[in-house]
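Breakdown of the fold
Each chain, written out:
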Amino acid sequence: MKTPASLLMLIDEGVIDEVLRPLKSGKEASVYVVRAGDDVRCAKVYKDMAQRSFQKRAQYQEGRKSRGSREARAVASGSRYGRKQQEAEWKNAEVDALYQLREAGVRVPEPYGFFHGVLVMELVTDAEGFSAPRLGEVELTPEQAREYHAVLVRQVVRMLCCGLIHGDLSAYNVLVGPDGPVVIDFPQVVSAGGNNAARTMLLRDVNNLTATLGRWAPELLDTWYGEEMWELFEAGTLLPDTPLTGQFTPDERSVDLDGVRDAINDARELALIRQQGREAQDED
Ligand SMILES: Nc1ncnc2c1ncn2[C@@H]1O[C@H](COP(=O)(O)OP(=O)(O)OP(=O)(O)O)[C@@H](O)[C@H]1O
Ligand SMILES: [Mg+2]
């Protein structure tokens, strides 16, 4: 196993003592099990910017506040400095979110810091101490599925109360620990207030959870927690412990302006793509 240079720097600096084994290499990062003193932890080493999907990020970054106008201009210009800046922001987004969410009582891995592009955090384990399985890899009883669903919906509410939406929540970004589910993988976290796509992303996150857990408890498939919590959030009345019913009746009188705007934008985009297609044909 070739240890990444960034992990060697962490050993040099005494942040960790040893790399025990690679855990998983995902699309955007490689995760290692490491030892720091007597503690076993995990280290997430982010892959290079070039290997990640740019398009995905453009949408996510819409709502993220840039640090200052110089940075914002640099990012917008796509210059070398801009790319560096954007890379730093991308990597920091996950660390920032973990600290903020821990503080707000959301069950996420405890962060121990961010060094040389490496996030050191709690290793989530199962009851035997092995790295925890993902929600999509376990078999559940209907009772467990209902319980996990309730717990996860509450985590999503708490995140929303922090102004954050996970943005990539699925059975593969939830680990199953002995005390229940733990949400992981936050680099794409989006701000709930400043992004046109926020509602869509929230509903997609909740729907992914519901679809996964609905396999074990089909009655969950008739619930509308995402819609319900978004309505309360927009009305400014959503609190971390606000009880939810899962029932939701859309308000016929209120026009869904975001929906209208999205539809218009989609139509525009489609027209543009068709136009480009026609122009390409003309050139042939
Ligand atoms: N704190 C943790 N404790 C235990 N296992 C973890 C932890 N963080 C990550 N993992 C494992 O590493 C895998 C990849 O981590 P993560 O999802 O954060 O990175 P990723 O590169 O975005 O992955 P992907 O693209 O596959 O979603 C997870 O699916 C999980 O199995
Ligand atoms: Mg992941």
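Everything below is about the structure printed above this text.
Residues numbered from 1 in each chain as written. Chains lettered and ligands numbered in written order. Predicted model: local features only at pLDDT ≥ 70, side-chain atom pairs only at ≥ 80, totals over all residues.

**Brief notes about the overall build of the protein chain**
To be explicit about the condition: To qualify as a helix, a DSSP run of H or I must reach at least 4 residues; to qualify as a strand, a run of E must reach at least 2; elements of each kind are numbered from the N terminus. Each residue is classified by how many other C-beta atoms fall within 10 Å of its C-beta atom, where C-beta atoms are placed from the backbone; a count of 20 or more means buried, 12 or fewer means exposed, and values in between mean partly exposed. Note that contacts rest on C-beta atoms placed from the backbone: two residues are in contact if these are within 7 Å.
Broken down by element type, the protein chain carries eight helices and nine strands. With 284 residues in all, the protein chain has 30% of them scored as buried. Sequence separation of 24 or more characterises 58% of the internal contacts of the protein chain that already satisfy a separation of 6 or more.

**Some words on unusual backbone geometry**
Of all residues except glycine, most have a negative phi; of all peptide bonds, most are trans. Backbone geometry at His116 places phi at a positive 50°, although glycine is not the residue there. Relative to the helices and strands, His116 resides in the loop between β4 (111-115) and β5 (118-122). In this structure, Asp185 is a non-glycine residue whose phi angle is positive, near 70°. Structurally, the position occupied by Asp185 is in the loop between β8 (180-183) and β9 (190-191).

**Notes on the environment of Pro178**
Counting through the fold element by element, Pro178 comes out in the loop between β7 (174-177) and β8. Taking the C-alpha atoms as reference points, Pro178 and Gly129, 49 residues apart in sequence, are found 9.5 Å from one another.

**Section: the site of ligand 1**
Going by this rule: Whether a residue is near a molecule or strand depends on its C-beta atom, placed from the backbone, lying within 6 Å of it. We call Asp, Glu, Lys and Arg charged. Ala, Val, Leu, Ile, Met, Phe, Trp, Tyr, Cys and Pro are nonpolar, and the rest, Gly among them, are polar. Domain segmentation is taken from an automatic or database assignment of domains.
The local shell around ligand 1 holds 22 residues, among which Gly26, Lys27, Ala29, Val124 and Asp185 are the closest. Within the residue set of the shell around ligand 1, elements represented by two or more residues are β1 (18-25), β2 (29-36), β3 (39-46) and β5. Partitioning the shell around ligand 1 into residue classes produces twelve nonpolar, three polar and seven charged. Two domains each donate at least three residues to the shell around ligand 1, and these are domain 1 (1-67 + 95-122) and domain 2 (125-273).

**What about helix α6 (residues 198-214)?**
In plain terms, the rule: For a helix, the expected span equals 1.5 Å multiplied by the number of residues minus one.
Relative to the 24 Å expected for 17 residues at 1.5 Å per residue, α6 spans 24 Å between its end C-alpha atoms, a close match to the ideal helical length. Every buried residue belonging to α6 is among Ala198, Arg199, Met201, Leu202, Asp205, Val206, Asn208, Leu209, Thr210, Thr212 and Leu213, and all of these are buried.

**Focus: the environment of Val45**
Here Val45 shows up in strand β3. Looking at Val45, the number of C-beta atoms within 10 Å reads 20, which means it is buried. Considering only alpha carbons, one finds Val45 and Val120, 75 residues apart in sequence, at a separation of 8.9 Å. Val45 has contacts with Pro4, Ser6, Leu7, Ala29, Ser30, Tyr32, Gly117 and Val118, leaving out every residue within four places of it along the chain.

**Structural notes on the pairing of β8**
Condition: A strand pair is defined by DSSP finding two or more bridges across the two strands.
Direction of pairing for β7 relative to β8: antiparallel, over a ladder of four bridges. Note that in β8 the partner of Val174 across the bridge is Val183. In sequence, β7 turns back onto β8 through a hairpin of two residues.

**Thoughts on the sheet that holds β4**
Selection rule: The axes are straight lines fitted to the C-alpha atoms, using for helices just the contacting stretch, and the angles between their N-to-C directions are given from 0 to 180°.
The five strands are arranged β1-β2-β3-β5-β4 in an open sheet whose pairing can be described as antiparallel. Two strands close off the open sheet at either side, each with one partner strand: β1 and β4. Across the sheet, the axes of successive neighbouring strands diverge by a mean angle of 25°, strand direction being ignored. Here β4 pairs with β5 via four bridges, running antiparallel. Looking at β5, one finds that Gly113 is bridged to Val120.

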